[in-house]
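# Report on the structure
These are the residues of each chain, in order.
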Amino acid sequence: MSADVERERPRHEDLVDERLVSWYFLAALGYMFISMLGGFLMGFQLIRHNPLRGIELLSPGRWRMIHTNAIAYGFLANAFLGALHWAVPRLALRPVLDRRLSYFIFGAWQVVVLSTAVGIMLGQAQGLEWGETPVWIDPLALAGLLLVAINFLAPIVRLRGPMYVTLWYFTAAFIWTFLTYAMGNFIPQYFVSGTSAGAVGGLFIHDLVGLFVTPLGWGLMYYFVPIMLKKPVWSHGLSLVGFWGLAFFYPLTGIHHFLYTPIPMFLQYGAVISTIAVEMVVTTVLINFFVTLRGATGALTNNLPIRWFYTGMVFYGLTCLQCAFQTTLTFQALIHFTDWVVGHAHMVMFGVFSMWLLGTMTYLFPRLLKTDWYSRTLCEWHYWLSALGIGLMSADLIVAGPFQGYFWASLLPWDVSVDFSIPFWAVRLVAGTMMFTGLLVFLTNLALTWAQARRAEEPAVLAAAA
Amino acid sequence: MFEKKSGVLLIAGLLFFAIAFLSNGLVPILMYKNLKEKTAEELVQGNGNLRYQFEDLARRYPESFKTAFGTPPEETAAREAWLNQKCADALRRGRNVYVGEGCWHCHSQFIRPVSNEDRRWGPVSKSEEYQNELQRPVLFGTRRVGPDLCREGGRRSNDWHAVHFFKPTMLSEGSPMPEYPWLFDGSPDKPNERGFALIAYVQWLGSWQESYPYYKDYQASNVKDVKLK
Amino acid sequence: MQLTYLRTPGTRDRRLVATGVLLLSTLAHAGGCTRVPEPAVFVTGKQVVQLDPKLREKVRKVLDEQCGTPENIKLLGDEKMNPAHLRKGAEVYARYCRQCHGVSGDGAGLAASYMNPRPRDYRAAIFKFTSTTYGAKPLREDLLRTVRRGVLGTSMPSFDLLPKNDLEAVVDYVLALTHRGELETQLAEAAEFDGDVNADQVPELVAGILKKWRDAPAHIVYPTTPMPDFNTDTVRAGHEAFLRVGCSKCHGDDGRGQTKDNIGVDAWGFPTKAADLTSGMLRGGTESLDIYRHIDSGINGTPMPSFRNALNAEPATVWNLVSYVHYLSNRRRVGDVPEAGILKPLPGVEPATKAQSAERPLSRVTR
């Protein structure tokens, strides 16, 4: 009888390896630090005040790639894996396949990310946006993704009956991430070149966002938001629409990165239509979450993780609205290649997914360290610096974009557009400094919290010994 | 089906992904399968514009050229073959430098048929221009901090590029482009192997066009089709 | 809307501050990485340097009075010219030209020593690609055309995207620098001859300088016969003439300019050679009339002579030569790759001696 109870209500300690979750989060924050350093270097270069000019290993061109890769594979992937190690076993009521495998994956993934960074720093990047990982690392990374899928799918597969929304997203994401990575890194490198490679590259860029980051992010939202608000998600029907709409339309949008290229025009139209369809689906998901918040809006002020999450969702709404505009051919003619797109990318990667993950960390660290945050004020600072920073950066870049586009179309000399951009790039650097300061505040707070946890532990240990 | 493992795994995970890949990935692959992919050697073959620039490098920086590529053979046919081979090697190497240094994150390589781009740079890009080994993966690019480069070849001379790579602000006042002194042995007139390769690569961009190096200003001459021999 | 697209470093820095990036500027200035603008002061010409210091001072004074300073230059003989126009010219020149042509237009800017052929030294008032006869001054339009289309195959890029107004301004600025150089040379010669600088002489010197420029339109080269249709026959005839008239002596039988004797010295004292006509880039312009004029009148300041007298009796031959040059320069376009030949180093490219590299401003280049 007790064994049955145990199976139905397993203890948290048997499900979640908290140490591993902390490790993943710490690694993620470390990479975010590195990534932001790279962003800084490029930011200073753009306003022509790079103090570290002419040093091969610190070349802004190479660090620009470290900037994006450290965020995608260093911060996002690690933070997601940490959060998955918390959420998946608790949802499936079973631990992951093998604890040793989990630690092996952790180590292997850090090797992959670090060698990517070193490889890029040494100038071995692969010519694929968001996939600059040197070609010799690609198979290793793919093997890592396969192991991740196996490790997490094991408990999910043993689950009986219908699954909770979060697990739909996670299950699909394990498959999609593996397939996307394989498709993007190998087909344009080894099988096709030129325009066809461009089409596959476009699919890869967007699938990485849409089929790796987005489903994992929404999965976490469907998991944490109801827990924190202590109420279910408003509409199960809209959850279904959101998931299946994303699953169908998102993979079809990739070519919208290469409008007006020699890729066949009917495929470009298809991508544009799918993209607009995705925006509609997204609207249903947002409605679902914001209606869920009804009656609990107080949480936005007194529940910091909820505030992180919903701020992220507001940015998500904005970024999708922006996307619906920029994917139209009319708008694309003007803003393609400008800072508009850069603003969009930052708003997605930082404003949405990093926000969600930082909120998750804000929620989980006290539980992992078994103590409250050292300072709630510092947590607030972290939030406001990050939120205002990314708001300023995206607004600045999104405004700069159309101007750049008009300057180019006006056929004035190229440097006119550069001169015009300098003040915008300066503001962007200020915004970046705010976000970076936010991170430093968070790291400080975390260190102090950790020290506090250690202090709290010692008397307990002493008491136990006595 | 919509909430079950099998549905999520097989339909959303595999089937939808497969539909997208087949329709958006495989279709262009099949459409362009008859456009033969050229190797670097084939790109050099018969490309007199590129060969001119490569020979110019050899004549402009003879000592550094020898250090980077060795001494060309004396005998004419052997020398021609040697030059073509070295030039192809330089293109491949130059592409790696271009990618490794992140050039492609600030410079695109395609001219769109909108926004007056053909009037700024030259002919709109066509599919066959990209069917070669050096566009693996393709370098369309996503951002233009600097100008597009796919019609850059011949527009400026090798010495201009050398100085510009060494320290862009020496020529372009106020340029935000980083410096690349490691492509040189200490001074802009001493490119190393990577420097030569990158210059050759940039001069190659657009060299397949008849309008090279005038592009938008090109006026075809009626003496083009005359056969003297 | 008039866009201010050219800014001197000063205004740019002010703008940065205005944008509220005090922190950054402080950091950057503390790091010592602000760009030090080249001091905008005219360099004294060689002949003036050789004069007695007192005379040097006097020449300098006359020059400053007549021609102004780099930022506030005066165009000789054109007092009515709007100073704002020339200041715009100075801005454009500082942004796009000074790097190679130097503040004084002496062709010795920061990057000049790495360029081959060297950037033009305007002070000698000799310009290669003109529509006028050998020895005559160029038209203002000739300079404008060169700025606009660049000199392909050399480090002079095309500036055709500059607004028309800027092009006009920068050409006037270049003309002002040119006249200043001419006046400087003449003052130096006069001072050396007389042992003194006589201010009364100046108007006369200026008038002499300007007269040549005013006369230039009278020396425009027009073909004596209408341009025929080019075909295989004209190309063949041109090829035959190319070998007979003496073109091949410098340009080589194949037009590649890799003959042993193909080396000379130009008017600015730098080694030079006859062009590789197969490069597909004709420096003086691709139009038939451009080529005609360079055959007829030679190229100023270079060993390329005028063939006017030699071909006086056979105007058709010039057109045949033009068609042959077209043929040569289009060879690469039709996939007909000429052999590389001996890969003879470009003129002026010798194994670098220590003295040469020492005189280069590398310290300024590499920080």
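For clarity, every value in this text was computed on a predicted model and none was experimentally measured.

### Quick look at the overall build of chain B
Of regular secondary structure, chain B possesses 8 helices and 0 strands. For chain B, the sequential pattern of α-helices and β-strands runs α-α-α-α-α-α-α-α. Dimensions of chain B along its principal axes, counting C-alpha atoms only, are 75 × 45 × 40 Å. In chain B, which comprises 229 residues, the proportion classed as buried is 59%.

### Some points on the overall build of chain C
Looking only at helices and strands, chain C has 14 helices and 2 strands in total. For chain C, buried positions account for 43% of its 367 residues. A fraction of 65% describes how many contacts in chain C between residues 6 or more apart in sequence connect residues 24 or more apart.

### Details of the packing of helix α8 (residues 194–229) of chain A against helix α1 (residues 5–31) of chain B
Between α8 of chain A and α1 of chain B, the least distance of the axes is 7 Å, while the angle of their chain directions is 160 degrees. Considering the angle they form, α8 of chain A stands roughly antiparallel to α1 of chain B. At the point where α8 of chain A passes α1 of chain B, the crossing takes the right-handed sense. Facing Thr-195, Ser-196, Ala-199, Val-200 and Leu-203 of chain A of α8 of chain A, the residues of α1 of chain B in contact are Ala-20, Phe-21, Asn-24, Gly-25, Pro-28 and Ile-29 of chain B. Residue composition of the contact of α8 of chain A with α1 of chain B, by class: 7 nonpolar, 4 polar and no charged.

### Side note on the domain arrangement of chain C
Residues and elements named next belong to chain C. Split into domains, chain C comes out as domain 1 (46–219) and domain 2 (232–334). Between domain 1 and domain 2, the C-alpha centre-to-centre distance is 29 Å. Facing 16 residues of domain 1, the contacting portion of domain 2 comprises 17 residues. Residues of the side of domain 1 that touches domain 2, tallied by class, amount to 8 nonpolar, 5 polar and 3 charged.

### Details of unusual backbone geometry
Pro-137 of chain B follows Arg-136 of chain B through a cis peptide bond whose omega is -15 degrees. Structurally, Pro-137 of chain B is set in the loop between α6 (117–120) and α7 (158–166). Between Asn-116 of chain C and Pro-117 of chain C the backbone carries a cis peptide bond, its omega angle lying at 0 degrees. Tracing the sequence through the fold places Pro-117 of chain C in the loop between α5 (83–101) and α6 (140–149). In the Ramachandran plot, Tyr-260 of chain A falls in the positive-phi region, its phi being about 70 degrees despite a non-glycine side chain. Relative to the helices and strands, Tyr-260 of chain A is located in the loop between α9 (236–249) and α10 (265–293). Of note, Asn-116 of chain B is a non-glycine position whose phi angle comes to about 60 degrees, a positive value. As for its position among the elements, Asn-116 of chain B is in the loop between α5 (76–100) and α6. Taking the C-beta count within 10 Å as the criterion, Asn-116 of chain B has 12 such neighbours and is therefore assigned exposed.

### Points about helix α11 (residues 288–297) of chain C
All names here are of chain C. Within α11, 8 of the 10 residues are buried, leaving the element largely enclosed by the surrounding structure. What α11 keeps buried is the set Ser-288, Ile-291, Tyr-292, Arg-293, His-294, Ile-295, Asp-296 and Ser-297. Where α11 is buried, its residues touch α12 (315–330). Looking one or two residues past α11, Gly-298 carries a phi angle of roughly 70 degrees, positive in sign.

### Observations concerning the interface of chain B and chain A
Contact residues are listed per partner, giving 61 residues for chain B and 71 residues for chain A. If you list the elements that add at least two residues to the side of chain B that touches chain A, you get α1, α5 and α6 of chain B. Among the elements that make up the side of chain B that touches chain A, the one with the highest residue count is α1 of chain B (16 residues). Residues that form the side of chain B that touches chain A fall into these classes: 30 nonpolar, 17 polar and 14 charged.

### Observations regarding the environment of Gly-61 of chain A
Locating Gly-61 of chain A in the fold gives a position in helix α4 (residues 60–92). Sequence separation of Gly-61 of chain A and Gly-194 of chain A is 133 residues, and the distance between their C-alpha atoms is 23 Å. Apart from residues no more than four positions distant in its own chain, Gly-61 of chain A is found in contact with Glu-101, Gly-102, Cys-103, His-105 and Pro-178 of chain B.

### Description of the environment of Gln-332 of chain A
All names here are of chain A. Within the fold, Gln-332 resides in helix α13 (residues 329–335). Through-space distance from the C-alpha of Gln-332 to that of His-256 is 9.3 Å; in sequence the pair is 76 residues apart. The contact partners of Gln-332, leaving out residues within four places of it in the chain, are Leu-259, Tyr-260, Gln-326 and Thr-327.

### Description of the packing of α9 of chain A against α10 of chain A
All names here are of chain A. As a packed pair, α9 and α10 sit with axes 9 Å apart at the nearest point and diverge in direction by 160 degrees. Relative to α10, α9 is oriented roughly antiparallel. Crossing handedness for the pair α9 and α10: left-handed. Contacts between α9 and α10 involve Leu-238, Ser-239, Val-241, Gly-242, Gly-245, Leu-246 and Phe-249 from the former and Ser-274, Ala-277, Val-278, Val-281, Thr-284, Val-285, Ile-287 and Asn-288 from the latter.

### Describing the nonpolar core
Ranked by size, the top nonpolar core spans 260 residues in total, and within it Leu-91 and Ala-200 of chain B together with Val-170 and Tyr-173 of chain C carry the most contacts. Among the elements that make up this core, the one with the highest residue count is α4 of chain A (20 residues). If we skip the residues at most four places from it in the chain, Leu-91 of chain B touches Ala-40, Leu-43, Val-44, Leu-134, Ala-200, Tyr-201 and Trp-204 of chain B. With 29 residues, the next largest nonpolar core counts Phe-242, Val-322, Val-325 and Leu-328 of chain C among its residues.

### Observations regarding the environment of Gly-269 of chain C
Along the polypeptide, Gly-269 of chain C turns up in the loop between β1 (264–265) and β2 (271–272). In the structure, Gly-269 of chain C is positioned 32 residues away from Gly-301 of chain C in sequence and 9.7 Å away in space, judged by C-alpha atoms.

### A word on the confidence of the model for chain C
Residue and element names in this part refer to chain C. With 85% of its residues at a pLDDT of 70 or more, chain C shows a mean pLDDT of 86. Segment residues 1–34 is flagged for pLDDT under 50; beyond a separation of four residues in sequence, or across chains, it makes 36 contacts in the model. Predicted confidence is poor over residues 353–367, with pLDDT under 50, and the contacts of this stretch with residues over four places away or in other chains come to 7 contacts.

### Comments concerning the confidence of the model for chain B
Confidence along chain B averages 94 in pLDDT terms, with 100% of residues attaining 70 or more. Looking over chain B, one finds the lowest element-wise mean pLDDT in α1 of chain B, namely 93, and the highest in helix α8 (residues 193–204) of chain B, namely 98.

Rules used in this analysis
Residues numbered from 1 in each chain as written. Chains lettered and ligands numbered in written order. Predicted model: local features only at pLDDT ≥ 70, side-chain atom pairs only at ≥ 80, totals over all residues. Helix = DSSP H or I, 4+ residues; strand = E, 2+ residues; numbered from the N terminus. Buried ≥ 20, exposed ≤ 12 C-beta atoms within 10 Å, placed from the backbone. Contact = placed C-beta atoms within 7 Å. Axes fitted to C-alpha atoms, helices over the stretch in contact; angles between N-to-C directions. Parallel < 35°, antiparallel > 145°, perpendicular 65-115°, else oblique. Left-handed = near helix turned anticlockwise from the far one by under 90°. Nonpolar A, V, L, I, M, F, W, Y, C, P; charged D, E, K, R; others polar. Domains from an automatic or database assignment. Core = buried A, V, L, I, M, F, W, Y, C linked by C-beta atoms within 7 Å. pLDDT = per-residue confidence, 0-100.

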